[in-house]
Amino acid sequence: NKTYIGGRFVPGRFTHSALYIGTESELKNLGIWNDPAIRPLQADIRAGRILLEAFRPEVRMIAPAVPFQTDSVAILRPALSITQRREAARRGVSRLGVPFDYWFDNRTKHELACTELIQYPMPWITFEETVSYGRPAVMPDAMVAQAIRGEGLQFVAGQDSWRRIAH
């Protein structure tokens, strides 16, 4: 979304990313609703905060309506096994509260930008890096292109399709 100041610094059409954790029923079906990593988040998830987002000042749980107030949306699904999906959820929520990476530097793990938050829980997927502002980074546009090519990610929906999925 180019109307937000942060969207003007990230090159390309897609300028932000968030990680879908799942609803209560989905996490129960996955067998991790009562997992020690998920249990503390049950109230947030029941309140509709089902996405993880790295945004200033830190990684947080949010509702889909927050990042979906935007110009364009691409929904991507990682090609993961059930075991990997469980581990990805655990790894993702373990990053809650990690400070935002204002430098968008893929080399740092003590701070996370939005695409770094997508990478961290899914070490089984290789994401295409580029050099941006002199630092290695993964751009949201590159993730969309990777999904279109079917490289570890699958393109699910775009543009206004999220309204049907999120509601």
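So, a few notes on the structure that sits alongside this text. Remember, predicted model here, so these are calculated numbers, not experimental data.

### Some details on helix α3 (residues 82-93)
Thought 1: Here α3 is 12 residues long and its end C-alpha atoms lie 17 Å apart, about the 16 Å a rise of 1.5 Å per residue gives.
Thought 2: Of all the residues in α3, the buried ones are A88, A89, G92 and V93. Down the axis of α3, the buried set is contained in an arc of 115°. They therefore lie on one face.
Thought 3: Buried positions along α3 lie against β1 (19-20), β2 (51-55) and α4 (114-119).

### Re unusual backbone geometry
Trans peptide bonds make up the majority, and among non-glycine residues the majority have a negative phi.
Thought 1: A cis amide bond links R56 with the next residue in sequence, P57, at an omega value of 5°.
Thought 2: Checked against the element boundaries, P57 lands in the loop between β2 and β3 (58-62).
Thought 3: Within the chain, F104 stands out as a residue other than glycine whose phi angle is a positive 50°.
Thought 4: Tracing the backbone shows F104 in the loop between α3 and α4.

### Observations concerning empty space enclosed by the protein
Thought 1: Tallied over the full model, the rule gives 2 cavities of 30 Å³ or more.
Thought 2: Counted as a void, the largest cavity has a volume near 60 Å³.
Thought 3: Together, 12 residues line the largest cavity, and F104, T115, V138, M139 and P140 are the ones closest to its centre.
Thought 4: Here the lining of the largest cavity is built from residues that sort into 8 nonpolar, 3 polar and 1 charged.

### So, the side chain of S17
Thought 1: Considering the arrangement of structural elements, one finds S17 in the segment before β1.
Thought 2: Among the polar contacts listed, one links the side chain of S17 to the backbone oxygen of C114, at a separation of 3.2 Å.
Thought 3: Only 3.4 Å separates the side chain of S17 from the backbone nitrogen of T115, close enough to count as a polar contact.
Thought 4: Those residues in contact with S17 that lie beyond four places of it in its chain are C114, T115 and I118.

### As for the packing of aromatic side chains
Thought 1: As enumerated under the stated definition, the model contains 2 aromatic pairs in all.
Thought 2: Taking 5.8 Å as the distance between ring centres and 90° as the angle between the ring planes, the aromatic pair formed by F100 and F104 counts as edge-to-face.
Thought 3: The class for F100 is buried, based on a relative accessible area of 8%.
Thought 4: Here the aromatic residues F100, Y102 and F104 are joined through ring pairs into a cluster of three or more.
Thought 5: The ring of Y120 carries the charged tip of R91 above its face, separated from the ring centre by 4.3 Å.

### Description of the nonpolar core
Thought 1: Ranked by size, the top nonpolar core spans 30 residues in total, and within it L27, I38, I45, L52, V59, M122 and F127 carry the most contacts.
Thought 2: Elements represented by at least two residues in this core include exactly α1 (24-30), β2, β3, α3, α4 and α5 (140-149).
Thought 3: A per-element tally of this core places α3 first, with 3 residues.
Thought 4: Sequence-distant contacts of F127, defined by excluding residues within four places in its chain, comprise I118, Q119, M122, V138, M143, Q146 and L153.

Parameters and conventions
One numbering rule holds for all chains: residues counted from 1, following each sequence as written. Where local features are concerned, this predicted model is filtered to residues with pLDDT of at least 70; where side-chain atom pairs are given and counted, the filter is 80 or more; whole-chain, interface and lining totals use all residues. Water and hydrogen atoms play no part in the side-chain values, which are based on all heavy atoms of the structure. Each helix is a run of H or I in the DSSP string that is no shorter than four residues. Each strand is a run of E no shorter than two, and both are numbered from the N terminus. Each residue after the first adds 1.5 Å to the expected span of a helix. The rule is simple: take the accessible area with a 1.4 Å probe, protein chains only, and divide by the maximum for that residue type; under 20% is buried, over 50% is exposed, in between is partly exposed. Here the arc refers to the directions that run from the helix axis out to each C-beta atom. Only heavy atoms enter the contact rule, under which two residues are in contact if any of them lie within 4.5 Å. Here a cavity denotes grid points, spaced 1 Å and computed from the protein atoms alone, that fit a 1.4 Å probe unable to get out, and a pocket denotes an open set having protein on both sides within 12 Å along at least 5 of 7 lines; residues with an atom within 4 Å of a point are the lining. Grid points are joined across faces, edges and corners, and a volume is the space filled by probe spheres set on the points. Following the grouping adopted for this structure description, the nonpolar residues are Ala, Val, Leu, Ile, Met, Phe, Trp, Tyr, Cys and Pro, the charged ones are Asp, Glu, Lys and Arg, and the polar ones are all others, Gly among them. Residues adjacent in sequence count toward polar contacts only when both atoms are side-chain atoms; beyond that, a polar contact is any pair of N or O atoms within 3.5 Å, and within protein one must be able to donate a hydrogen and the other to accept it. Think of it this way: a Phe, Tyr or Trp ring, Trp meaning its six-membered ring, pairs with another when their centres are within 6.5 Å, and the plane angle makes it stacked under 30 degrees, edge-to-face over 60, tilted otherwise. Placement of a positive charge over a ring is assigned whenever Lys NZ or Arg CZ falls within 6 Å of the ring centre and within 35 degrees of the normal to the ring plane. In plain words, nonpolar cores are sets of buried Ala, Val, Leu, Ile, Met, Phe, Trp, Tyr and Cys residues tied together by side-chain atoms within 4.5 Å.

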